[in-house]
Protein chains: 2
Amino acid sequence: MPTPAPTTKRGRPGYDQQSVLLIAVDVFNKHGYDATSMGILAENLGISKSAIYHHVPSKGDLLKLALDHALGGLEAILDQPEATSGSAEARLEFVVRQTIAVLVERLPFVTLLLRLRGNTEIERDALERRRTFDHKVAALISAARDEGSLRQDIDPRTVTRLLFGTINSIVEWYKPGGSLSPGKLADDVVAMAFHGLRVSP
Amino acid sequence: MPTPAPTTKRGRPGYDQQSVLLIAVDVFNKHGYDATSMGILAENLGISKSAIYHHVPSKGDLLKLALDHALGGLEAILDQPEATSGSAEARLEFVVRQTIAVLVERLPFVTLLLRLRGNTEIERDALERRRTFDHKVAALISAARDEGSLRQDIDPRTVTRLLFGTINSIVEWYKPGGSLSPGKLADDVVAMAFHGLRVSP
């Protein structure tokens, strides 16, 4: 199970680092990281620039914290017992469901990760970690294919692209708190991707 | 002797409007439409700003031409006989395959369409046309569900989102001219989305 986002109250009125981070991520997603200055952040937080510096040394540190939160959630999935033992198909389904859970729970953080351009060292490091995660899932897809659970007529690289395309597109439209729960969403993605939309004849 | 490829020379050396448009779309996709000035365009084309104005009156006209090319391709699909008669399931499969064909054939144009932010009137008009297209496909999905071809346990709105998520993600990774042909790509998407990745027991 993904762990809830940490709340770190520090006995001080106003923002703590976590709430500064959450607002910063929304501003990054809205204006783009490059276009967001510490001045724009301060304006959105309704506090002074120096008050932000009280919480984090730089804009880059905010980005790094945000991307760590997204990537940490995703990477933790692959260490869980359900991802490391059992049939490749069962492990893959577990990873797909958990990826959707992390994506929904950390929606603005994963959105930021998926929209990265790679203009800075911090962004490139995050993209490298994302690629490592993707490669591990791709290996799981190949293993599920080799064990005979997945269809053989599609190149595993295409399967990986299409499956991530389906999952990642969720950040573009999913509204947390609406009528579609994260669990039902995961059921729906698994149903479509693994079993297909068509009613079996 | 191989016959020479046809060229669209118009008795004038240099670019015609179509080639200016193609380069402009690449520059828009790379830097974002807002961040692209006529100066940047001229630099990428290796011609003067006044030479661009010879072909199109403004940056907005280039955007409009490009979006028309993407949207015109998509809208034409729904007018074809295979999209208007037959079972809803067959019509839906036809529309999915043709959407992928247009997406691949007009890749930079559709990429531009999918990345629009809606900051200008031209962009908002294009997004409205895109929504109309999406709604017509959503209606087809509902019809296929009502006729009993598609599974009933997923909300048709979710099906629409996931199906477009899968298809639209193609612009992020597909390389035309590579080993995966547009036809095989369409087969793969149809196989995954309608029949599922899992081997039937």
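Residues numbered from 1 in each chain as written. Chains lettered and ligands numbered in written order. Predicted model: local features only at pLDDT ≥ 70, side-chain atom pairs only at ≥ 80, totals over all residues. Heavy atoms only, no water.

- Going by what an unreviewed UniProt entry lists, chain A is known as TetR/AcrR family transcriptional regulator and is assigned to Arthrobacter oryzae.

Let's talk about the domain arrangement of chain A
All names here are of chain A.
Phase 1: You can read the domains of chain A as domain 1 (14-57) and domain 2 (60-195).
Phase 2: Domain 1 and domain 2 are separated by 27 Å when their C-alpha centres are compared.
Phase 3: Contacts between the two partners involve 14 residues from domain 1, matched on the other side by 14 residues from domain 2.
Phase 4: When the buried surface of domain 1 facing domain 2 is broken down by residue, Leu21, Asn29 and Tyr33 rank first, second and third, together holding 41% of it.
Phase 5: Applying the counting rule to domain 1 against domain 2 returns 0 salt bridges.
Phase 6: There are 5 residue pairs in polar contact (both at pLDDT 80 or more) connecting domain 1 and domain 2.
Phase 7: The residue makeup of the side of domain 1 that touches domain 2, split by class, is 10 nonpolar, 2 polar and 2 charged. (Domains from an automatic or database assignment. Contact = heavy atoms within 4.5 Å. Buried area = accessible area lost by both parts, 1.4 Å probe. Salt bridge = Lys/Arg side-chain N within 4 Å of Asp/Glu carboxyl O. Polar contact = N/O pair within 3.5 Å; in protein donor to acceptor, adjacent residues only side chain to side chain. Nonpolar A, V, L, I, M, F, W, Y, C, P; charged D, E, K, R; others polar.)

A few points about the pattern of salt bridges
Phase 1: Applying the stated rule across the entire model yields 26 salt bridges over all chains.
Phase 2: One network of salt bridges, with partners in common, ties together Lys64, Asp68, Glu75 and Arg129 of chain A.

Focus on the environment of Trp173 of chain B
Phase 1: Mapped onto the elements, Trp173 of chain B comes out in the loop between helix H9 (156-168) and helix H10 (182-195).
Phase 2: Its relative accessible area of 11% is what places Trp173 of chain B among the buried residues.
Phase 3: Measuring from C-alpha to C-alpha, the distance between Trp173 of chain B and Leu113 of chain B comes to 16 Å, with 60 residues separating the pair along the chain.
Phase 4: The contacts of Trp173 of chain B, once residues within four sequence positions are left out, are Thr158, Arg161 and Leu162 of chain A together with Leu180 and Leu185 of chain B.
Phase 5: One polar contact links the side chain of Trp173 of chain B to the main-chain carbonyl oxygen of Ser169 of chain B, over a distance of 3.4 Å. (Helix = DSSP H or I, 4+ residues; strand = E, 2+ residues; numbered from the N terminus. Buried < 20%, exposed > 50% of the residue type's maximum accessible area, 1.4 Å probe, protein only.)

Quick look at the packing of helix H10 (residues 182-195) of chain A against H9 of chain B
Phase 1: Where H10 of chain A meets H9 of chain B, the axes come as close as 11 Å, and the angle between the chain directions of the two elements is 55 degrees. In terms of their interaxial angle, H10 of chain A and H9 of chain B are classed as oblique. In the packing of H10 of chain A onto H9 of chain B, the handedness of the crossing is right-handed. Counted together, Asp188, Val189 and Met192 of chain A of H10 of chain A and Thr158, Leu162, Leu163 and Thr166 of chain B of H9 of chain B form the full contact between these two elements.
Phase 2: For the contact of H10 of chain A with H9 of chain B, the class distribution of residues is 4 nonpolar, 2 polar and 1 charged. (Axes fitted to C-alpha atoms, helices over the stretch in contact; angles between N-to-C directions. Parallel < 35°, antiparallel > 145°, perpendicular 65-115°, else oblique. Left-handed = near helix turned anticlockwise from the far one by under 90°.)

Regarding the interface of chain A and chain B
Phase 1: Of the residues lining the interface, 33 residues belong to chain A; the matching set on chain B comes to 33 residues.
Phase 2: Carbon and sulfur atoms supply 61% of the area buried between chain A and chain B, which totals about 3200 Å² over both sides.
Phase 3: On the chain A side of the contact with chain B, Leu162, Leu197 and Arg198 of chain A bury the most area, a combined 23% of that side's loss.
Phase 4: Counting across the chain A and chain B interface gives 2 salt bridges.
Phase 5: Across the pair Arg198 of chain A and Glu89 of chain B runs a salt bridge, and its minimum N-O distance is 2.3 Å.
Phase 6: Our count for the chain A to chain B interface comes out at 19 residue pairs in polar contact (both at pLDDT 80 or more).
Phase 7: Going through the elements one at a time, helix H1 (17-31), helix H9 (156-168) and H10 of chain A are the ones with two or more residues in the side of chain A that touches chain B.
Phase 8: By residue number, the principal contributor to the side of chain A that touches chain B is H10 of chain A, which donates 8 residues.
Phase 9: For the side of chain A that touches chain B, the per-class residue count stands at 15 nonpolar, 9 polar and 9 charged.

Here we look at the UniProt feature "DNA-binding region" (unreviewed entry) in chain A
Phase 1: Residues annotated in UniProt with the feature "DNA-binding region" (unreviewed entry) correspond here to residues 37-56 of chain A.
Phase 2: Counted over residues 37-56 of chain A, helix gives 75% and strand 0%. Its end C-alpha atoms are 14 Å apart. (UniProt positions renumbered as here; feature names shortened; annotations may be inferred.)

Quick notes on the relation of the copies chain A and chain B
Phase 1: Once turned by 180 degrees and shifted 0.0 Å along the axis, chain A lies on chain B with an RMSD of 0.0 Å. One copy is carried onto the other by what is essentially a two-fold rotation axis. Every residue of chain A has its C-alpha some distance from the rotation axis, and the shortest such distance is that of Gly196 of chain A, at 1.8 Å. (Least-squares fit on C-alpha atoms with pLDDT ≥ 70 in both.)

What about the packing of aromatic side chains?
Phase 1: Evaluated as defined, the whole model comprises 6 aromatic pairs over all chains.
Phase 2: Centroid distance Phe133 of chain B to Phe164 of chain B: 6.4 Å. Interplanar angle 65 degrees. Geometry classified as edge-to-face. Of this pair, Phe133 of chain B sits in helix H8 (residues 121-146) while Phe164 of chain B sits in helix H9, placing them 31 residues apart in sequence.
Phase 3: Take Phe133 of chain B: its relative accessible area is 4%, and that puts it in the buried class.
Phase 4: With a relative accessible area of 11%, Phe164 of chain B lands in the buried category.
Phase 5: Stacked on the ring of Tyr33 of chain A, the Lys or Arg Lys59 of chain A has its end atom at 4.2 Å from the ring centre. (Phe/Tyr/Trp six-rings, centres within 6.5 Å; stacked < 30°, edge-to-face > 60°. Lys NZ or Arg CZ within 6 Å of the ring centre and 35° of its normal.)

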